[in-house]
There are 2 protein chains.
Amino acid sequence: MNFAERAKELVSKMTLEERMAQLCNKAPAIERLGVPSYDWWNEALHGVARAGTATVFPQAIAMASSFNDDLLEQVGDVISDEARAKYNVYKKFGGTEIYQGLTECAPNINIFRDPRWGRGQETFGEDPYLTGRMGAAYVRGMQGNGKSKYRKVDTTLKHFAVHSGPEGKRHGFNAVVSEKDLRETYLYAFKYCIDHADAASVMGAYNAVNGEPATGGKHLVEDILYGEWGFQGYMVSDAGSVKDIHEGHKFTKNEVESAAFALNAGCHLNIGTSYRELPQAYAMGLVSEETITRACEKLFETRFRLGMFDEDCEYNNISYDCVECDAHRALNRQMARESIVLLKNDGILPLKTPKTIAVIGPNADRVSLLLGNYNGIPSRYATILRGIQEAADARVLYSAGVFPSTTSQMSDIYREAVVTAERADVVILCVGLNPSMEGEEGIDAPNSANCGDRADIELPKRQQELIRRVVAVGKPTVLVNVSGSCVNLCEADRLCNAVVQLFYAGAEGGRALADVLLGKVSPSGRLPVTFYRSTDDLPPFEDYSMENRTYKFFKGDPLYAFGHGLTYSNIIETPLDENTVEVFNEGPYDTAYSVLKYEYIPHKSLCGFKKIFIKAGDHITVSFDETEK
Amino acid sequence: MNFAERAKELVSKMTLEERMAQLCNKAPAIERLGVPSYDWWNEALHGVARAGTATVFPQAIAMASSFNDDLLEQVGDVISDEARAKYNVYKKFGGTEIYQGLTECAPNINIFRDPRWGRGQETFGEDPYLTGRMGAAYVRGMQGNGKSKYRKVDTTLKHFAVHSGPEGKRHGFNAVVSEKDLRETYLYAFKYCIDHADAASVMGAYNAVNGEPATGGKHLVEDILYGEWGFQGYMVSDAGSVKDIHEGHKFTKNEVESAAFALNAGCHLNIGTSYRELPQAYAMGLVSEETITRACEKLFETRFRLGMFDEDCEYNNISYDCVECDAHRALNRQMARESIVLLKNDGILPLKTPKTIAVIGPNADRVSLLLGNYNGIPSRYATILRGIQEAADARVLYSAGVFPSTTSQMSDIYREAVVTAERADVVILCVGLNPSMEGEEGIDAPNSANCGDRADIELPKRQQELIRRVVAVGKPTVLVNVSGSCVNLCEADRLCNAVVQLFYAGAEGGRALADVLLGKVSPSGRLPVTFYRSTDDLPPFEDYSMENRTYKFFKGDPLYAFGHGLTYSNIIETPLDENTVEVFNEGPYDTAYSVLKYEYIPHKSLCGFKKIFIKAGDHITVSFDETEK
């Protein structure tokens, strides 16, 4: 029997009540049938999350900036190994609890439409094609890429669809979009990941789209997902998004109706508790036994496909020893290196053996900056400061630069930074945001005034002043901006000798940055989002039209364009034909390099990319495969 | 002219208004007289605090547990070097601001009367003699010990007096004490530090004592401090404690009266702004010109004595290079080692080359645990986890053990800890408190329900369960409790093979602990406070009678007594006469060791201690000097 047939047989032995109870994320055990309890809610955005120690890779936006989908697929392979390793030990306790299972609520392939969105850091950026390619690579790596009859883990494409803030209104927000933007921008990556990587699952978003709740709306779910696309996987709600259907959207009258609406639309699993109302909905005739049974069969089909009931599933043998093992940490450092984006360099980088390095700024020694959100806990990690201390053959001075509340009575809080800069040959000035300034509504209370979003794209005022004061000292200065999103770096670009963008960079982030600053590797990241010059460049946050947004449609002049990213070498591209380019490394450094291909339809649009490693003086022919699109 | 005469001359050139303005901590510049602005409020409890990067030594309670006043004097010498180095660079900006000066609001020599007090961590423990000896050593080290005609920095004995919680009531609390307890317990260390170390300053406390506000009360300040003791230094208020005189204690009617009351009593300097009312008080005839002038002269005498107006002060040459230099870090590690208290050891310690070490618990990798409160920022540091990773020739596994809010839906939050323990040869289980659970009212919002105090001496319930679950795995387990105060460790003592007390241990704390766990050094710390078995052992928190408190008067049976602390060796003391003891190291380890001398008056009372280093097989004769008492 195949997995579907085994699921059908197993479900046939369940009572209707048992079937309904299986449709919430905390699925209870059914002991007489040998079914252990299982929690469907698990997180693995950039490493196994919220389940203790794990390899914490760079945040998704950082991995996108690597423009290296092959590497991301390897990362997915490693993350799913760690998820399996944890599941394998935890299942021995009987059932598994939340964050201990195999059905991962990742990747987040929403389009980073507006830099103010606090969760933009979770995405692969603003471009649908890049998002599709990176999302598909992650899904392949995580799910095992068809190498076994079993799936390694399930991935869930989220949030379906048209979901990108504002966080504070997400439970009742109605995103209004044109059919063109919907297809071209908001849905492209979902279809791509289903077509190219066989993603197991899709998660319905909190918001409504053009008046219909995303978790069950006819146009999105019935017409497009199951209809046009013929999606064969299962659909889950976001945590509590079924409740939003009546509470937030007023689309139904109560939770019973919401549960029926979502299930009937094809949302098989409710992360949350609304489906506890299914017995009532059934009693009222709002859902049929057949619909309930089909949903339950779908969920057990995937549990069978994950090998949960089979001894011969090779993934059962993945040992806990792999968790944060040296090989995984090495891959992590590689991804962190490739995710670093060099935005400006007047030649100061790589550093030329300074005797004294001043590392200055509030972002120099913050562990949270390595982690982003939806993160695991690393047991070994290096902040920027630590990374430089470990790697540099120099005296390393440090000033946090701006201090917390205890200095509120100090009128000049920049003195230590100034004094520290004065004493150094070169300054590494570490500014930016942090995960308490941008994030998700209700999670770890980020930026409570805006529920995790930002009101503007500026650096905090005290950091702006810090930059001015430190630069005024007159020492060569490298600015490192750490953030999960675009920050206005115009003044930094004007004042500093070099500007480096470090998205939340994972446990090895500080070491990877030191590798780049000190010239052990050449940077090769590219911006997966436009870096605008001003908040005034942006349309209203709640406007979901793509007009004047992202590199495709922005009419202004960005500070740093999508795709921008320097290496230490001098790379020349010479097109050979429409699908082939000859790449010459005419500079003095070996470097990784992403070749990008654009089309004009009529707006400029990424349609291909390939990352290569090219030695100094070498040349490589790169061909783009049309089937990748 | 001596300093007093120079001060008199300088002050004679000031207007009365100028003199009055000099009596608040933010003293303005008087340009025509060449007087720069100066802020008297500076912190250096265990390292230069709140002024950026500095060597962060173990918290005061930890340094007390070293029972090594010679070492503490060296620490004071180093801290004052760093304070001077910072002052020397900051004064070039014109004046110095808060936390950049030379008049340090340390040490805190209050008696740690009740373990629930959140600020007990700032003290040298519960014993007046130990507090006096350690306080005097710190003052000597900080002030330069008379080696120059200039003082290196000023120390301030705080909080004068009878100050030890509750934090939530401190601005209006009236501590009721007997004259015996006052003299024998609460004032002993103040007098000791004045007599033995010439402390520059005394700080008036927030509270009242037997009905009189401490900042200016007749009995404390006039009769005892200036009268009986003949104190020649200056007195400062606590931050805002003058305002408490009318607002909290209702002792005066308004701020004008409070300012007059405090100044007339001999409180020369107001940390705060109440003395801005002195012009009004003067106009009303509440203070005399002579009193104002004398206070101003006193303050300028100390500024002259600090060399602030002289080119030939050798302390002007201390270079910023010393801040957190290698020598200071080495001394820090030494102090951290000696502050570690081994409470129980069945022979498991030192560890015998385990292949795999599990480091488990919420206190294993928290930087805040190194810092305590009133701390600087270290640029190089090691948590417990990091210290063990760096030092151990073993695979080190890690689980934080109990997780924050994101795991609220997990019913069994201990699984990772259990799994991690199962995979190891030995478990280092790191539990305890942290500076957000015990601290000062209003500072960094610790434990808001109790304004920084604790309601009981128990470990958090989830940590208690964590201990049970981990021990149940059956692996050899070393419990490390990190806290600034007594915690009920009865269950840990019963269940674990060894118990180690780590008070907030400073930047090198993790490395020092690894030195001890792995046998690089033998532990030699002793408890400076009683470790009680239960909150029920304690009298009411607000009761300031010493009856049934501390090792001197406690009638019950403590789990670990004041002075308790094991080494890895076997030390035998043989008294030779009343003041001499022969110490034999009959064990296999070289070790530091504090010899304690008690008297019975009639209660047991520490009256001498001396720390020695004794090699395995060696013996040393230790003599106590009666003049130290």
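**Quick notes on the overall build of chain A**
Inference 1: Along the backbone of chain A there are 20 helices and 20 strands.
Inference 2: Expressed as lengths along the three principal axes of its C-alpha atoms, the size of chain A is roughly 75 × 55 × 50 Å.
Inference 3: A total of 629 residues make up chain A; the buried ones form 67% of that total.
Inference 4: Contacts in chain A between residues at least 24 apart in sequence constitute 75% of all its contacts with a sequence separation of at least 6.
Inference 5: In the structure as shown, chain A presents an accessible area of about 20600 Å², 49% of it carried by carbon and sulfur atoms.
Inference 6: Positive and negative side-chain charges in chain A, numbering 67 and 85 respectively, have mean positions lying 3 Å apart.

**Comments concerning the sheet that holds strand E16 (residues 571-577) of chain A**
Across a sheet, strands are paired by hydrogen bonds formed along the backbone, either parallel or antiparallel in direction.
Residues and elements named next belong to chain A.
Inference 1: Strand order in this open sheet of three strands is E16-E17-E20, and the pairing throughout is antiparallel. Because the sheet does not close on itself, it has two edges, and the strands there are E16 and strand E20 (619-623). Sheet twist, expressed as the mean angle between neighbouring strand axes with direction ignored, is 25 degrees.

**Concerning the environment of B:Ala505**
Inference 1: For B:Ala505, the position within the fold is in the loop between strand E15 (498-502) and helix H19 (509-517).
Inference 2: When the C-alpha atoms of B:Ala505 and B:Ala336 are compared, they prove to be 5.8 Å apart, with 169 residues separating the residues in sequence.

**A look at the packing of helix H5 (residues 128-143) of chain A against helix H7 (residues 188-197) of chain A**
When two helices pack together, their arrangement is given by the angle between the helix axes and by the axis-to-axis distance.
Residues and elements named next belong to chain A.
Inference 1: Interhelical geometry of H5 versus H7 gives an angle of 35 degrees and a closest axis separation of 8 Å. By crossing handedness, the relation of H5 to H7 is classed as right-handed. Taken together, the residues of H7 that come into contact with H5 (itself represented by Pro-128, Tyr-129, Thr-131, Gly-132, Arg-133, Gly-135, Ala-136, Val-139, Arg-140 and Gln-143) are Tyr-188, Ala-189, Tyr-192, Cys-193, His-196 and Ala-197.
Inference 2: Looking at the contact of H5 with H7 residue by residue, the class counts come to nine nonpolar, five polar and two charged.

**A few points about the pairing of strand E14 (residues 477-482) of chain A**
Two faces, one strand: in a regular strand the side chains alternate between the faces of the sheet.
All names here are of chain A.
Inference 1: Counting buried residues in E14 gives six out of six residues, a clear majority hidden from the surface.
Inference 2: Every second residue of E14 is oriented toward a common face, with Thr-477, Leu-479 and Asn-481 on one face and Val-478, Val-480 and Val-482 on the other, all of them buried.
Inference 3: Pairing analysis gives six bridges linking strand E13 (residues 426-432) to E14, with the strands arranged parallel. Within the sheet, the bridge partner assigned to Gly-432 lies in E14 and is Val-482.
Inference 4: Looking at chain direction, E14 and strand E15 (residues 498-502) are connected through five bridges and run parallel.

**What to know about the nonpolar core**
Inference 1: Residues A:Phe160, A:Tyr275, B:Leu349, B:Ile388, B:Val478, B:Val480 and B:Leu489 are the most contacted members of the largest nonpolar core, which totals 204 residues.
Inference 2: The element contributing the most residues to this core is helix H4 (residues 69-90) of chain A, with 10 residues.
Inference 3: Beyond its immediate stretch of four places on either side in the chain, A:Tyr275 contacts A:Leu23, A:Cys24, A:Val242, A:Ala259, A:Ala262, A:Leu263, A:Cys267, A:His268, A:Leu269 and A:Asn270.
Inference 4: If you look at the next biggest cluster of nonpolar residues, it comprises 202 residues, including A:Phe554, B:Leu23, B:Val48 and B:Leu157.

**Some remarks on the relation of the copies chain A and chain B**
Inference 1: The two copies are related by a screw motion: chain A maps onto chain B through a turn of 180 degrees and a shift of 0.0 Å along the axis, at an RMSD of 0.0 Å. On the angle and the small slide along the axis, the relation comes out as a two-fold axis. In terms of proximity to the rotation axis, the leading residue of chain A is A:Val367, whose C-alpha is 5.0 Å off the axis.
Inference 2: Of all interface residues in chain A, 100% are interface residues in chain B too; the two copies therefore contact each other through one and the same surface.

**Describing the sheet that holds strand E4 (residues 154-160) of chain B**
Residues and elements named next belong to chain B.
Inference 1: Read across the sheet, four strands follow the order E3-E4-E6-E9 without closing on themselves; strand pairing throughout is parallel. Edge positions in the sheet fall to strand E3 (103-104) and strand E9 (234-237), since each of these pairs with one other strand and no more.
Inference 2: Where E3 meets E4, two bridges bridge the pair, whose relative direction is parallel. Bridge pairing links Glu-104 to Thr-155 in E4.

**Some remarks on the confidence of the model for chain A**
Inference 1: When pLDDT is averaged along chain A, the result is 96; 97% of the residues meet or exceed 70.
Inference 2: The ipTM value of the predicted complex is 0.96, and its pTM value is 0.96.

**Details of the side chain of A:Asn270**
Residue and element names in this part refer to chain A.
Inference 1: As for its position among the elements, Asn-270 is in the loop between helix H10 (255-265) and helix H11 (278-283).
Inference 2: For Asn-270, a relative accessible area of 0% gives the class buried.
Inference 3: A polar side-chain atom of Asn-270 sits 3.0 Å from a polar atom in the side chain of Ser-237.
Inference 4: With residues up to four places along the chain from it excluded, the contact list for Asn-270 reads Leu-23, Cys-24, Asn-25, Ser-237, Val-242 and Tyr-275.

**Focus on the pairing of strand E12 (residues 395-399) of chain B**
All names here are of chain B.
Inference 1: Within E12, four of the five residues are buried, leaving the element largely enclosed by the surrounding structure.
Inference 2: Examined bridge by bridge, strand E11 (residues 356-360) and E12 share five bridges and lie parallel to one another. If you follow Ala-358 over to E12, its bridge partner there is Leu-397.

**Quick word on the packing of aromatic side chains**
Inference 1: Tallying each qualifying case throughout the model produces 47 aromatic pairs over all chains.
Inference 2: Measuring from ring centre to ring centre gives 5.6 Å for A:Phe173 and A:Tyr544, while their planes differ by 40 degrees; the resulting arrangement is tilted. Placement of the pair is A:Phe173 in the loop between strand E4 (154-160) and strand E5 (174-175) and A:Tyr544 in the loop between helix H19 (509-517) and helix H20 (550-553), with a sequence separation of 371 residues. Neither residue differs from the other here; A:Phe173 and A:Tyr544 are each classed as buried.
Inference 3: One aromatic cluster in this structure is built from A:Phe67, A:Tyr129, A:Tyr188, A:Tyr192, A:Tyr551, A:Phe562, A:Tyr598 and A:Phe609.
Inference 4: Looking at A:Lys158, its charged tip hangs above the ring of A:Tyr374, at a distance of 4.7 Å from the centre.
Inference 5: It is B:Arg113 that lies over the ring of B:Tyr544; its NZ or CZ is 3.7 Å from the centre.

**Points about the environment of A:Tyr381**
Inference 1: With respect to the helices, strands and loops of the structure, A:Tyr381 is situated in the loop between helix H14 (368-371) and helix H15 (384-391).
Inference 2: When its relative accessible area of 9% is taken as the criterion, A:Tyr381 is described as buried.
Inference 3: Taking the C-alpha atoms as reference, A:Tyr381 lies 8.3 Å from A:Leu370; in sequence the two are 11 residues apart.
Inference 4: Once residues lying within four places of it in the same chain are set aside, the contact partners of A:Tyr381 are A:Val367, A:Leu370, A:Ala507, A:Arg511, B:Asp365 and B:Arg386.
Inference 5: Within polar-contact distance, the side chain of A:Tyr381 engages the side chain of B:Asp365 at 2.8 Å.

**Overview of unusual backbone geometry**
Inference 1: A cis geometry characterises the amide bond from B:Phe160 onward to B:Ala161, with omega recorded as 0 degrees.
Inference 2: For B:Ala161, the location among the structural elements is in the loop between E4 and strand E5 (174-175).
Inference 3: The linkage connecting B:Leu349 with the following residue, B:Pro350, adopts the cis geometry, with an omega of -5 degrees.
Inference 4: Inspection of the secondary structure puts B:Pro350 in the loop between strand E10 (341-345) and E11.
Inference 5: A positive phi angle, close to 35 degrees, is found at A:Thr353, a residue other than glycine.
Inference 6: Take A:Thr353: it is sitting in the loop between strand E10 (341-345) and strand E11 (356-360).

Rules of the game
Residues numbered from 1 in each chain as written. Chains lettered and ligands numbered in written order. Predicted model: local features only at pLDDT ≥ 70, side-chain atom pairs only at ≥ 80, totals over all residues. Heavy atoms only, no water. Helix = DSSP H or I, 4+ residues; strand = E, 2+ residues; numbered from the N terminus. Buried < 20%, exposed > 50% of the residue type's maximum accessible area, 1.4 Å probe, protein only. Contact = heavy atoms within 4.5 Å. Areas by Shrake-Rupley, 256 points an atom, 1.4 Å probe, with all protein chains shown as cover. Lys, Arg positive; Asp, Glu negative; His and termini not counted. Charge placed at Lys NZ, Arg CZ, Asp CG, Glu CD. Pairing = 2+ DSSP bridges. Axes fitted to C-alpha atoms, helices over the stretch in contact; angles between N-to-C directions. Left-handed = near helix turned anticlockwise from the far one by under 90°. Nonpolar A, V, L, I, M, F, W, Y, C, P; charged D, E, K, R; others polar. Core = buried A, V, L, I, M, F, W, Y, C linked by side-chain atoms within 4.5 Å. Least-squares fit on C-alpha atoms with pLDDT ≥ 70 in both. pLDDT = per-residue confidence, 0-100. Polar contact = N/O pair within 3.5 Å; in protein donor to acceptor, adjacent residues only side chain to side chain. Phe/Tyr/Trp six-rings, centres within 6.5 Å; stacked < 30°, edge-to-face > 60°. Lys NZ or Arg CZ within 6 Å of the ring centre and 35° of its normal.

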